[in-house]
Amino acid sequence: MDPFDSNSADRANMPRNMIENSMFEEESDVVDLAKESPSFPTFPALDPDEVAYEPRSSRLLVRGLGENDMDEDEEDCESSARLLGMSFMNRSSSLRPSSSPYTRQGLPRSCSRPSARTTVVCVLLLVIVASMAMVLYFLPGCTFTKSGCLKPNSTAPLQPVYPQSTSGELFPWTDIRLPASIQPLSYDLTLNPDLNTMTFTGRTVIKMTVRHDTMRIVLHSAELKITNATFQLGDRKPSDVTVLEYKPWQQIAVKFSEDLKAGQECVLTLDYSANLSHTYDGFYKSSYTDKDGNKRVLAATQFEPLAARKAFPCFDEPAFKASFLIKISRNQNFTTLSNMPKAKTTSLSNDLWLDEFEKTSVNMSTYLVAFIVADFTPISRNVSKSLLSVYCVPEKKEHTEYALDTASKLLQFYNDFFEIDYPLPKLDLVAVPDFLAGAMENWGLITFRETSLLVLKQSSPLDKQLVAFVIAHELAHQWFGNLVTMRWWNDLWLNEGFASYMQYMSLQTVLPQLDVDNAFLAVRFRALDKDALNSSHPVSMQVRTTEQVAEMFDSVSYEKGASLLLMLNSSLPGEQQFRKGIIQYLKEFSGSNTVTDDLWNSLTQVEVPPQQVTVSEMMSSWTLQKGFPLVIVSRKGDQVTLTQEPFLLTADNSRHTSSLWHIPVTYINDSCSLAPECKQVFTLKTKSATLKIPESVKWLKLNYKNSGFYIVHYGNESWAALIDALKNNVSVLTHEDRASLIHNTFALSRLGRVSLHQVLSLLNYMTNETEAAPVTEALLQLTTIYRLLDKRQEEGLVARMENYILHNFGALMENQSWGEEDRVSKQELRSAVLRVACSLHEPKCCQQAKTLFKQYVESNGTARIPGDLQRVVYTVAAQTDEDWTTLLEMYRHATSDAEKRNMLRGLASTQDTRRIAWILKAGLRGDLIQTQELALVISAVSSGFAGYLFAWDFVTENWDALIEEFPVGSFALQSIIQSTTSQFSTQTHLDQVQSFFSGLKDRGSEMRSVQEALEVIRLNQRWMETNLPLLKHWL
Ligand SMILES: [Zn+2]
């Protein structure tokens, strides 16, 4: 999946763990089977894969009401008591002694009509019980069980704690992960969507094999109403079975009275009905308005990571691969699409047809299944052995050619690169009008946001670059992710890091004119910035809950993953080693699932890198611990000592300073600094090591082209030598190395290792800088500081900062053209430079932008604003009443998706608070502005002075509506939190943000992005305290 501005992930709110569930749900639903209670059915011996009983989590999972069910009055009293922790009083006895507060004679009646005395007694009892509860809570969970506590070395079997299913019967499974006793072999799915009522019915026939003896089948189902279920074992006659459901974990189960034996085959058939989802996941409804103003409906799917279960009951974990045969009914005027080509169509009734697709020729994970019912039209061409098509709404058909061209080149490239042909007979790329992620790599049916796929022929190279990136990413997934899949979501980076890396690598070869290197460099800088926070996480880490899985779709899995693969590739000997290892990996694990080590082992088998470090040994240090190293260089004559330590912006005691990375340090020096042959490599595995260089070397620059994932600190003298060299001649370093110095020095200043003064003295060389990468990096860093000052209303410093930027970059701003520009790097440069110039109200820039807008409006759509300048032009236009209204009107009627987004950014940059309020609401409402664009709107509003507090208020006031649209943990929500809080730098704001999120509890307080937001505010606060007085002196 490509998250782009946001991603779509499962939105179901599962409890973080069973403890919270039993504490806060009105219906306690878990029973302690460790007790011997005659009212509970007994269960068979554990499956080999049965989870172990965990005493700690079972502590609150108790009710034991048995036959003594309470009446309603009692239940009120019971539930409030339970909130105080009383519920586990029951676990000490299943007989409920008469002294129990739950007996009829005592509390219940007084609770329903309390007198003063009984109230006091009630309160006293509650206090006592609550105190006991506290004591009990901190006792081991086994304290009151009949068997007592197990000694650590005891071999007594652990007992499971079964939850209660919806029907009241015990649910026969105790883990959020599915048992491994059943393996699905094939699914036969029939879906009957009704786009008038927005509902659907379905039938799922699952053929399975029993891996080892078991008395239950457990699988996933969410928000589906199962209406009928039959089961057939081997050749026996099918019979009706009862399906139990445990909603918190989105699981259903069938229990059997005798063992299903290992090796047996069986078939489970489930009929069900459901509503089409109103969010962006599962089988969801969507609509668009055609050019005649008619509303057209459609239904599409988005299953990654955990939403296939919302469309059909299934074993919804990536390791349960199976084949799929899909049938979908539709009305005459719709077409259907799925992973495979259509096999046949049969008439069901007058206006109802059933499309049947070929059975998948490969086994696939459930999250890669997809189907669409819509009125889209395609353009197609044959590439190798597959039919490649691009689909979209009929009126945008002329926007698809670029995508088809690019996809066919890339498909051919990957076929050759991986030496494995794309395995399906067809590949469709479909632009879906309502789509939250950037795109989704469903096998054979890749879905995209319209903006990620549709681009006009005359669009700017930058717009095309974006489309090419997304296509290259999703196509790489057809091998990396689809053919070979991570075993579980903890290794999501195997999918996403790899696809992200391949998107740059493939385009360097396939479309060199798109000049993708700068974009990849910027991505690595941002990945370093994120990973420098204490709230970051290891690339590969344990995840279990829905929210934890959703949060894996972040910068670490994607961008850090891609950066690590680049570092590995550039440190392996020989150009083809990386590729050979990848081919071996794909061939060895084709059709199956892997863990990170499988990739390292494949790469190691091919070749051992320098200094006999295996790939696994080296890369584990990068994937299993969070963060990255700071490499400190100190030189004495011909001796250069390199020392590593964790680069961590927030000091953390729990972080061991013993963290070590295997760093393939690269370096160049003044005698040879540009060509790749100049690069020398030294592997730093220990805390500190020394290398020798000729004494004549004037300066060293480490991390050639920033292809390693680390930051370098040189010490005062060496910094000064580098700065001097650059001042004399900008071209002594590659532009990537110049950008890398700028990025590193700002990062070191945030860390407190170099002064802001030193940063500014490096920037002095920039009056001679004309390359996009260093200029955009410097401007990004400077405007970040500028915005912080602006939001703190440090007016004097804001003015001085403006002067500083205009003084240093004024000549460059002056020199930019406003006409069409073909070269990507020139576009990147001028769009960044002019955006800053106009945002600082540089008169010439604002005037040019206004003129261009006026010409565009007056031309009645015949003139064109170059794509890379649209954002700056619309942003300037949106600052006046009249032009804002004109722009809104243009937005309503614009057909180019890339341009619409630029208009929307412009509209949201208004400093008029009434309009800010309007646009935020419109984004949430989702009619004129699609809700999928809300994260972008919030981000644009937040960047301005008038909007940043507004945006934060909007988020706090509409939190519940936001998490209704965007799942907790999703990339969209991560982005919203980040953009609304990252400019706070005061204690008051820190307190506000902290208190808001801590009040949310299970509605999002646990998200990593919340921790990140708080950390960033603290860092901003610290930066301000240190640098405000200094800035007054230096600027
Ligand atoms: Zn992806």
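Refer to the structure presented above.
A quick note: this is a predicted structure, and the numbers were derived from the prediction, not measured.

### A few points about helix α20 (residues 795–814)
Then, number 1: The sharpest bend along α20 measures roughly 55° and falls at Asn808.
Then, number 2: Burial in α20 covers these residues: Leu797, Val798, Met801, Glu802, Tyr804, Ile805, Asn808, Phe809, Leu812 and Met813.
Then, number 3: At its buried positions, α20 is contacted by α18 (756–763), α19 (772–791), α21 (824–839) and α32 (1008–1034).

### Section: the sheet that holds strand β20 (residues 445–449)
Then, number 1: Spatially, five strands are ordered β16-β17-β18-β20-β19 in an open sheet, and the strand pairing comes out mixed. The open sheet has two edge strands, β16 (377–383) and β19 (439–440), and neither has a second partner.
Then, number 2: Strands in contact with helix α8 (residues 461–477) are β18 (426–432), β19 and β20; relative to β20, the strand with the most contacts, it is inclined by about 150°.

### Concerning the pattern of salt bridges
Then, number 1: With the rule as written, the count across this model stands at 46 salt bridges.
Then, number 2: For Glu317, the salt bridge is made with Arg177, and the minimal N-O distance between the two is 3.3 Å. Of this pair, Glu317 sits in the loop between β10 (295–302) and β11 (323–331) while Arg177 sits in the loop between α5 (116–138) and β1 (182–194), placing them 140 residues apart in sequence.
Then, number 3: With a relative accessible area of 24%, Arg177 lands in the partly exposed category.
Then, number 4: Asp355 serves as the salt-bridge partner of Lys342, at 3.4 Å between the closest nitrogen and oxygen. One end of the pair, Lys342, is in strand β13 (residues 342–349); the other, Asp355, is in strand β14 (residues 352–357), and 13 residues separate them in sequence.
Then, number 5: A relative accessible area of 34% places Lys342 in the partly exposed class.
Then, number 6: Taken together, the salt bridges that share partners define one network made up of Arg526, Asp529, Arg750 and Glu777.

### Comments concerning the packing of helix α10 (residues 517–531) against helix α17 (residues 735–751)
Packed helix pairs are specified by the crossing angle of their axes together with the interaxial distance, meaning the distance between the axes.
Then, number 1: Taken N-terminus to C-terminus, the directions of α10 and α17 make an angle of 15°; their axes are 11 Å apart at the nearest point. The angle between α10 and α17 places the two elements in the roughly parallel class. Seen from above, α10 lies across α17 with right-handed handedness. Facing Asn518, Leu521, Phe525, Arg526, Leu528 and Asp529 of α10, the residues of α17 in contact are His735, Glu736, Ala739, Ser740, His743 and Arg750.
Then, number 2: Its residues assigned to classes, the contact of α10 with α17 comprises four nonpolar, four polar and four charged.

### What about the sheet that holds strand β3 (residues 214–220)?
Then, number 1: As summarised here, the arrangement of the three strands in space is β3-β7-β6, forming an open sheet in which the pairing is antiparallel. Each of the sheet's edge strands pairs with one partner strand only, and the pair in question is β3 and β6 (244–246). Neighbour-to-neighbour, the strand axes of this sheet turn through a mean angle of 30°, independent of strand direction.
Then, number 2: Both β6 and strand β7 (residues 251–260) contribute to a ladder of three bridges, which runs antiparallel. Looking across to β7, one finds that Glu245 is bridged to Ile252.

### Some thoughts on unusual backbone geometry
Negative phi is the rule for most residues except glycine; trans is the rule for most peptide bonds.
Then, number 1: The step from Glu304 to Pro305 runs through a cis peptide bond, and the omega angle for that step is 0°.
Then, number 2: You will see that Ser384, though not glycine, has its phi angle at about 55°, which is positive.
Then, number 3: Relative to the elements of secondary structure, Ser384 occurs in the loop between β16 and β17 (386–392).

### Re the pairing of strand β23 (residues 629–636)
Then, number 1: As paired strands, β23 and strand β24 (residues 639–646) are joined by eight bridges and run antiparallel to one another. Bridge pairing links Lys636 to Gln639 in β24.
Then, number 2: The antiparallel hairpin formed by β23 and β24 contains two residues in its connecting segment, where Gly637 sits at a positive phi of about 60°.

### Re the packing of helix α24 (residues 881–893) against helix α25 (residues 897–908)
Then, number 1: Closest axis-to-axis distance for the α24/α25 pair is 10 Å, and the angle between their directions is 150°. Overall, the two elements α24 and α25 adopt an arrangement that is roughly antiparallel. In this structure, α24 crosses over α25, and the sense of that crossing is left-handed. The residues of α25 that touch α24, namely those facing Trp884, Leu887, Leu888, Met890, Tyr891 and Arg892, are Lys900, Met903, Leu904, Gly906 and Leu907.
Then, number 2: Its residues assigned to classes, the contact of α24 with α25 shows eight nonpolar, one polar and two charged.

### Some details on the side chain of Asp290
Then, number 1: Counting through the fold element by element, Asp290 comes out in the loop between β9 (282–289) and β10.
Then, number 2: Here the side chain of Asp290 touches Asp292 through a polar contact of 3.0 Å, landing on its backbone nitrogen.
Then, number 3: Each residue touching Asp290, except ones within four places of it in the same chain, is listed here: Arg296 and Glu395.

Rules behind the numbers
- Residues numbered from 1 in each chain as written.
- Predicted model: local features only at pLDDT ≥ 70, side-chain atom pairs only at ≥ 80, totals over all residues.
- Heavy atoms only, no water.
- Bend = angle between axes of the 7 residues up to and from the residue.
- Helix = DSSP H or I, 4+ residues; strand = E, 2+ residues; numbered from the N terminus.
- Buried < 20%, exposed > 50% of the residue type's maximum accessible area, 1.4 Å probe, protein only.
- Contact = heavy atoms within 4.5 Å.
- Pairing = 2+ DSSP bridges.
- Axes fitted to C-alpha atoms, helices over the stretch in contact; angles between N-to-C directions.
- Salt bridge = Lys/Arg side-chain N within 4 Å of Asp/Glu carboxyl O.
- Parallel < 35°, antiparallel > 145°, perpendicular 65-115°, else oblique.
- Left-handed = near helix turned anticlockwise from the far one by under 90°.
- Nonpolar A, V, L, I, M, F, W, Y, C, P; charged D, E, K, R; others polar.
- Polar contact = N/O pair within 3.5 Å; in protein donor to acceptor, adjacent residues only side chain to side chain.

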